[in-house]
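Below are the chains, spelled out letter by letter.
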Amino acid sequence: MIESNKVKKILYGGDYNPEQWPEDIWEEDMRMFRLANIDVVTLNVFNWAMLQPQEDVYDFSKLDKIMDMVRTNGLKVCMATSTAAHPAWMARKYPDILRTEHNGIRRKFGSRHNSCPNSPTYRKYSVLLAEKLADRYKDYDNIVAWHVSNEYGGECYCGNCEKAFRTWLTEKYGTIEELNRVWNMSFWGHTLYDFEDVVAPNMQSEEFLWDTVRTNFQGISLDYRRFMSDSMLSCYRMEYEVLKKHMPDVQVTTNLMGFYKPLDYQKWARYMDFVSWDNYPSFDTPVSESAMNHELMRGLKQGKPFALMEQTPGVSNWQSFCTLKRPGVMRLLSYQAIAHGADTVMFFQMRRSIGACEKYHSAVIDHAGHENTRVFREVAKLGKELSKIGSQILGTRTSAKAAIVMDWDNWWASGYSAGPSRLIDYKKEIFCYYRAFYENNIPVDIISVTDDLSPYRLVTAPLLYMCKEGFDEKLCAYVKDGGSFLTTYFSGYVEDHDLVITGGYPGKLRDILGIWVEESDAIPEGKHNSFLYKDETYPAEVLCDLLHLEGAEALSRYQEDFYAGMPVLTVNRYGKGRSYYAATRSNPDFYRTFIKDICEETGIPSLLETPEGIAPGIEISRRENETAEFLFILNHNDEAVDLTLTLNAPSTDILSESTYLPGASITVPGKDVVVLKRVK
Amino acid sequence: MIESNKVKKILYGGDYNPEQWPEDIWEEDMRMFRLANIDVVTLNVFNWAMLQPQEDVYDFSKLDKIMDMVRTNGLKVCMATSTAAHPAWMARKYPDILRTEHNGIRRKFGSRHNSCPNSPTYRKYSVLLAEKLADRYKDYDNIVAWHVSNEYGGECYCGNCEKAFRTWLTEKYGTIEELNRVWNMSFWGHTLYDFEDVVAPNMQSEEFLWDTVRTNFQGISLDYRRFMSDSMLSCYRMEYEVLKKHMPDVQVTTNLMGFYKPLDYQKWARYMDFVSWDNYPSFDTPVSESAMNHELMRGLKQGKPFALMEQTPGVSNWQSFCTLKRPGVMRLLSYQAIAHGADTVMFFQMRRSIGACEKYHSAVIDHAGHENTRVFREVAKLGKELSKIGSQILGTRTSAKAAIVMDWDNWWASGYSAGPSRLIDYKKEIFCYYRAFYENNIPVDIISVTDDLSPYRLVTAPLLYMCKEGFDEKLCAYVKDGGSFLTTYFSGYVEDHDLVITGGYPGKLRDILGIWVEESDAIPEGKHNSFLYKDETYPAEVLCDLLHLEGAEALSRYQEDFYAGMPVLTVNRYGKGRSYYAATRSNPDFYRTFIKDICEETGIPSLLETPEGIAPGIEISRRENETAEFLFILNHNDEAVDLTLTLNAPSTDILSESTYLPGASITVPGKDVVVLKRVK
Amino acid sequence: MIESNKVKKILYGGDYNPEQWPEDIWEEDMRMFRLANIDVVTLNVFNWAMLQPQEDVYDFSKLDKIMDMVRTNGLKVCMATSTAAHPAWMARKYPDILRTEHNGIRRKFGSRHNSCPNSPTYRKYSVLLAEKLADRYKDYDNIVAWHVSNEYGGECYCGNCEKAFRTWLTEKYGTIEELNRVWNMSFWGHTLYDFEDVVAPNMQSEEFLWDTVRTNFQGISLDYRRFMSDSMLSCYRMEYEVLKKHMPDVQVTTNLMGFYKPLDYQKWARYMDFVSWDNYPSFDTPVSESAMNHELMRGLKQGKPFALMEQTPGVSNWQSFCTLKRPGVMRLLSYQAIAHGADTVMFFQMRRSIGACEKYHSAVIDHAGHENTRVFREVAKLGKELSKIGSQILGTRTSAKAAIVMDWDNWWASGYSAGPSRLIDYKKEIFCYYRAFYENNIPVDIISVTDDLSPYRLVTAPLLYMCKEGFDEKLCAYVKDGGSFLTTYFSGYVEDHDLVITGGYPGKLRDILGIWVEESDAIPEGKHNSFLYKDETYPAEVLCDLLHLEGAEALSRYQEDFYAGMPVLTVNRYGKGRSYYAATRSNPDFYRTFIKDICEETGIPSLLETPEGIAPGIEISRRENETAEFLFILNHNDEAVDLTLTLNAPSTDILSESTYLPGASITVPGKDVVVLKRVK
């Protein structure tokens, strides 16, 4: 979250680009911000060309004016560094700054995310700009955060990147022999004799398009992903350092994008003072998927509250079908962010631009230019409400007893795998399990393989294809000590370099799971095997492991094909704990039931057990601190839902200020939310 | 049309390439042309390599022979300039003539439309060739038209084009500040400091593939489309000038291609003496869409008769499924062209080639080589008929009281828009309305925004996304003066540079329409809202405006979703006229009914009201001059249709010479046509 | 097949890459090979980088060790030359070795099949390596075959290829005038004046993507296909020559890939001592299609037994859905190969690799590393069985009275055709006919246009689009002499350069077929015409010829559309024989019936007529020599099938050693096979 020592409340605002508008409109903006209880603006996101019109000339005059106006109007500033798009003259003078695409073609000036992260020119001038900004505005005490660059992304395959990749590899592996080993270069006679032999893996070398980008050498492509993430992280860190040098007390972040595959955010987060992210659900994104994104973002810094840096107040411009956010939905999704750990709620953007590709992206102030719009009214209403809530939620935490392990290396590696099925989808597999917790109203953290497992009673690691150095030992200790562990098919196959662990799948997890997976049968799209669980038949899709019990017990067995009768769900008692294995993919009904059962067995309660069972479309989340707990009940349905509260103490909805006794009935209107506060 | 002072009839012939054949076959061609009443041939379409075998050598010997033979045989000539494909040696010697693709890769020699329109080499030698041709053949009085190049097309993104683009921009905008303004370059920090900073918008810079080519900067891409159209037009005009210098009395054209998106034909037509075009319906093209293409082509020169320069006599070669033109269909589509304004009917081609990619395209003389084919017999029958008709139709005009506005800038700009829906389709929207007129047998012109509106009682401008400078005022004057105007959702948003007109949609059209469109909801593919019109429920698809009445009256309201009850069809009384607004896309039944009603209200009659109502598959069109009118009744059905004629005077079918009294019944056989002449 | 003068049996083994493993694992490999009765290994497939670590340094030390170990363990060696992937240093030092893609972009180091076949560097060093190998290992008498390179492929469009193409063309056509003639370069003014004007046909010149790669000039693209196939063949032949120089008695091959479009295997086979190929059916490949591939491979050397060089023992890694080979299926498909002419059965690969893209491809020794796997058990069982069978099948031949003509030029040319339908598919059309023979249990050879027709009673040439020089005369002589001939729509159109034979389709086949095809109507996907054959109605799809009888007799006529009543199936008595024509595409039921009837008429019996008729899923094939015949009965069903044998002599199943009398019943279990031997 963005911390302000002036405004003790959920900060509320968004991206503001007055430099795109004539100055006579600025005062009108201020008036409307006041109407909507806006208290923070993100400034200077894309101004490099304005700030450095020539190589030796910097011009801060307009930004000075903007900064002064904003300060005068009592607004906090989230200050961006403008380095997400370089100036046109720089591209013309120093073409090394231009990215080379995956097909090998160098770009010209244009677009954004357009700088090669290993360009000497980019690194020199981006850091210099950040430094000049920090130095110039260091005395503005309304700067509450730094926002480095913007939505980092944009891979490059140029000669400078190849050089930097060779250096990165030399540092990581030391010798060419070790590089040959970890990439298995004796295959297809690819043995290298010199680091200079290394080329970037793209369409010109090892990669190709099939259903998505595929590669001949998973090890090379995987390392290039790591290298690219590190290259951009290094750009971020260079800016971070100079900002901190001048304003050591202001927190620095960059806006992330949820499940964004190219960047290993878990590694990035170590170098961010707080996490912020941009939430743009598509017209058909389930609300549970948005919730999962929030969980991931919260987990990046072990539960520390984060900032919702961007969301659209009404409509996005880049979707196939830009459906409107229905009345109440913007507010509901804002509370969803808060419910999952956000302490800041911001929009992209404050005033809608009139030209280029985002002009049909919604804004607080629409093209109509006045406050008499549905969108503005909803923004203002929420602004008033957040002011009323004040500081009480700030800093509260989610306390989960269940965790899902998510790991970028696993996402990359399982995605590059040649075989066993193109339907293998790491994010989708995680979502299958996440949704099961979500639908059971059971809080869950999304953690990395380096996080502490001890707070959890159940650790789920779907598709743990790559079991990284030390993680197997950590899991063993955790389960031995009484924890429960759940994993799935296509787990434990490889070590950190995507080299198979021989001796039988699932490799280093074989002992803890008590099974041996001899073979795996890919199920073509639209087909399935099946299994029985608690008298219900469920489909077995994507992949079916043919496994043998080596200590584990079968909870269910396949019903069809030549491997009918083989175990498909197993549990292994290991030390004081248990390890579960799901040898296939099934459907949401199965996951909901299965997770419910495991949670019951491991003593993880639902946040709200209603006598009527769980109501579809109702989302429950909880934040708490030493003195109080806040139970968020969100109703994503169009219609009102009645719930009987099985709470054990009186609670007060901090929005309506109604108080509910234990066992009371509560009606949550459609697209509405209650936040029940209970003092501990 | 092609005018000949020798043959006063609809000229009949086609592309003839004797240089691809041994000379001993030429006399046989002449014999067969006579059999088929062929009187005109297009010569010299692709002979540059033959005519200029080396840089300093020209060789007209074979073309001389061909010209003499053709003249001797009494044939008129439509003389092409051969500049649509440069010689191989030129590509090798002067690579600047080779186009650079949208992906940034320069082409090698090959294909056609292969010259960069801004290549100095191309411009020098294409004009020189045209001049040499004009000078050499200026005394051939059987040349009835010049045919410059062929089916212009082929965009380029090379360095020469970038240079020329910078010049074009400098001339248009004067200063870099103005360029930054119109392209909104403060967005994403794209501000330019020098025209030299401009690069072509392609895959290397601002454009990318989504469902089609998309762009980050609509303004840049839009100007590049204009520039490319202008670049090719400039090539055309340079040839035009030298041709006219030598043969001032012969009309000059180039063959267009109907709704061809890359070139702004409305601008081109100003520099063409008459319009000619190539009509190649696909196996699944509705006949009404062919009719719409004819209407567009006729409108380019304000109703002046045009030439059908190419059509296949039987089968096209390049379609997915090259279905045969059924018996009678070639004749029927030829009369369709005439019915909509053609005074010339020509084929591609006279003799079918034996090699390369068009060898399975049908020709008058097939690979069989003799006259005993179905295709030849149909060609000969039509030839005889056109000779019999003589001059009576020549020069007659269509007189329409309804018009549809079509504008290339709008096609480009709405296609580049990021949001609100990828289903937005300018041509399709126009077709929705065109088809409604067509099915009601109501003549309609397709006009440009610069055309005079006063001849019309109803002007329809679907998807008038960009309301160009002055057009709003013209519309206001027109409606004030009693005209009716109809437009749709996603209209009035931007001015000429794709910058949004702030203050509320539909911008400058808000007053005339009496509405304010606050928001627009994109409807995902396969979904719909609905509305009631005249007791029928119709779907609302693609986009649903949420609009407020500001003087207009609602004709219908949405039935579903949170905006149920909001207006979806409106009419506004404005001055002496009316403005209609359709806030969504609906289905053909709706448009047919809605247009019928508006036409009745505005006093625009159907060409043929039959007691039985309008027969599906029957197409009615009319041409007339001071002394006579010709009513074309085309039956696209396989079966005969009986009609009762509600004409007010006796008419004679100029094909069958049958005469019909008012109120008479007429049977039009399947795939047949009658042309009823009524003397005024 | 691979011939060994030591082991008189079906050789059994596969690709073995011990250099990818530590040496301590090698002895374990030897142990497991013995367990599985493995007697041959393919070595050294991808070792170039190991063998030539620097330009002037060769290092055979590890290969020496491997060769010695293998010899010591009594294994035969199929010795590869390692030239299918060049070393990384070579790509860095000599970039001419890198291929240029179809889009014009040059590759970097990576992948395999990565060498430009016209690279001077590649040719120099690949041949040198082959020579060094042959010289070094010439005294290893356990080398039973040479395996040049691996699965040749990988087209190139670089400058060296363009130069070599010009030389190839000069040699073939002599003069630029002749080149212009055969490519029909007067079309679109493409006339060349110098061989230097020639460029490679790719995305930069004449080719483009539509549903697949298409071209403007079929002649150019066709010659480039021939040239590319020849270029790689030339590389192969250079290695062949040096291998034979040193080991004249060892047979040389390269592993082919069945219906592999880029290479004209019929031309290649002339330079191969025996044919070997890699059989990788996909999860949805019909077994009949695998059988067709075997037939094609066997036909390449006129029936000589071939080697199954690669198959997966369990699962492939590169498919969309890598389904397991069901229990018994690996064995069944191995016998299918033998049944169709294989004398060698080999796997890719012996031990599963741990890194890069084939690590999830099955192997005899799995990642588990021991013999207790289903796959190993099945391999070992088959190994034992093949040892037991011994030499009795070796060298036996298939004797077929029916042949299908397959011709690479026809595959290429019909695929490049612009029109009449994108559904035209040469391989699919051949399969329609092949499957009909297969389902009737009628042996059929797949032959080339240069093969002798006299052994056959029926020659089928589906889609004989290009009737090459002399083949029409050969067909005439064959039919006059009593043979039966069957061809289809889109036949006889062009000569060897894809130039249409004028005068009426099907060109030079018109006389023999007694028909004239005036027009052809493409049928859009999902639509059909129909015809009646023996009281059953069958669909007419893809293309419907409108033909006239010129001596032939109609066997059936269209039922629909304007050409209802025109002939769709015809037969023409010609000399002592008959010519059949199928003017359209129909369904499997039709082909099965039609081929059955023609075979009955021409006196070609089924291999096994059972009283119950033909059982689906049963495949019958026969091999024989002077003394015995072997009838293979394969049951591809999951369930057992009972058959009544209509054999005329007692037979013994060489697998089970059961003997069956004429008229006996036999039960073939599901996924099982019997091989009935009958002594002549």
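Residues numbered from 1 in each chain as written. Chains lettered and ligands numbered in written order. Predicted model: local features only at pLDDT ≥ 70, side-chain atom pairs only at ≥ 80, totals over all residues. Heavy atoms only, no water.

Focus: the domain arrangement of chain A
All names here are of chain A. As assigned here, chain A comprises domain 1 (11–155 + 223–393), domain 2 (159–212), domain 3 (402–602) and domain 4 (618–679). Summarising the inter-unit geometry, the C-alpha centres of domain 1 and domain 3 are found 37 Å apart. Opposite the 24 residues of domain 1 that make contact, domain 3 presents 22 residues. Both sides together, the interface formed by domain 1 and domain 3 hides about 2,100 Å², and carbon and sulfur atoms give 61% of it. There are three salt bridges connecting domain 1 and domain 3. Note that glutamate 289 is salt-bridged to lysine 427, the shortest N-O span being 3.1 Å. At the junction of domain 1 with domain 3, the criterion picks out 13 residue pairs in polar contact (both at pLDDT 80 or more). Listed by contribution, the elements that provide at least two residues to the side of domain 1 that touches domain 3 are α8 (218–246), α9 (265–268) and α10 (287–300). (Domains from an automatic or database assignment. Contact = heavy atoms within 4.5 Å. Buried area = accessible area lost by both parts, 1.4 Å probe. Salt bridge = Lys/Arg side-chain N within 4 Å of Asp/Glu carboxyl O. Polar contact = N/O pair within 3.5 Å; in protein donor to acceptor, adjacent residues only side chain to side chain. Helix = DSSP H or I, 4+ residues; strand = E, 2+ residues; numbered from the N terminus.)

Focus on the relation of the copies chain A and chain C
Relative to chain C, chain A is turned by 120 degrees and slid 0.1 Å along the rotation axis, the superposed coordinates differing by an RMSD of 0.0 Å. When the rotation and shift are considered jointly, the pair of chain copies conforms to a three-fold rotation axis. Among all C-alpha atoms of chain A, that of isoleucine 105 of chain A lies closest to the rotation axis, at 5.0 Å. Of all interface residues in chain A, a mere 2% are interface residues in chain C too; the two copies therefore contact each other through different surfaces. (Least-squares fit on C-alpha atoms with pLDDT ≥ 70 in both.)

A word on the pattern of salt bridges
Counted by the stated rule, this structure contains 155 salt bridges over all chains. In this structure, arginine 623 of chain B and aspartate 343 of chain B form a salt bridge, with 2.7 Å as the shortest nitrogen-oxygen distance. Residue arginine 623 of chain B is found in strand β23 (residues 618–624), and its partner aspartate 343 of chain B is found in strand β11 (residues 342–347); the two are separated by 280 residues along the sequence. Residues arginine 623 of chain B and aspartate 343 of chain B agree in their burial class; the two are buried. A salt bridge links glutamate 429 of chain C to arginine 585 of chain C; the nearest nitrogen and oxygen atoms lie 2.8 Å apart. Of this pair, glutamate 429 of chain C sits in helix α14 (residues 426–439) while arginine 585 of chain C is found in the loop between β22 (577–582) and α17 (588–602), placing the two residues 156 residues apart along the sequence. Its relative accessible area of 0% is what places glutamate 429 of chain C among the buried residues. Residue arginine 585 of chain C is classed as buried on the basis of its relative accessible area of 6%. A single salt-bridge network, built from bridges that share partners, covers Lys172, Asp223, Arg226, Asp407, Asp409 and Lys468 of chain A. (Buried < 20%, exposed > 50% of the residue type's maximum accessible area, 1.4 Å probe, protein only.)

Side note on the sheet that holds strand β9 (residues 276–278) of chain A
Sheet architecture is open: nine strands sit in the order β7-β4-β3-β2-β1-β11-β10-β9-β8 (chain A), paired in parallel fashion. One side of each edge strand has no neighbouring strand; the edge strands of this open sheet are β7 (251–253) and β8 (255–256) of chain A. (Pairing = 2+ DSSP bridges.)

Concerning the interface of chain A and chain C
Of the residues lining the interface, 57 residues belong to chain A; the matching set on chain C comes to 49 residues. The contact between chain A and chain C buries some 4,400 Å² in all, and 56% of this surface belongs to carbon and sulfur atoms. For the chain A face of the interface with chain C, the top three residues by lost area are Trp188, Tyr193 and Gln204 of chain A, together amounting to 16%. In this assembly, chain A and chain C are joined by six salt bridges. In this structure, arginine 326 of chain C and aspartate 561 of chain A form a salt bridge, with 2.6 Å as the shortest nitrogen-oxygen distance.

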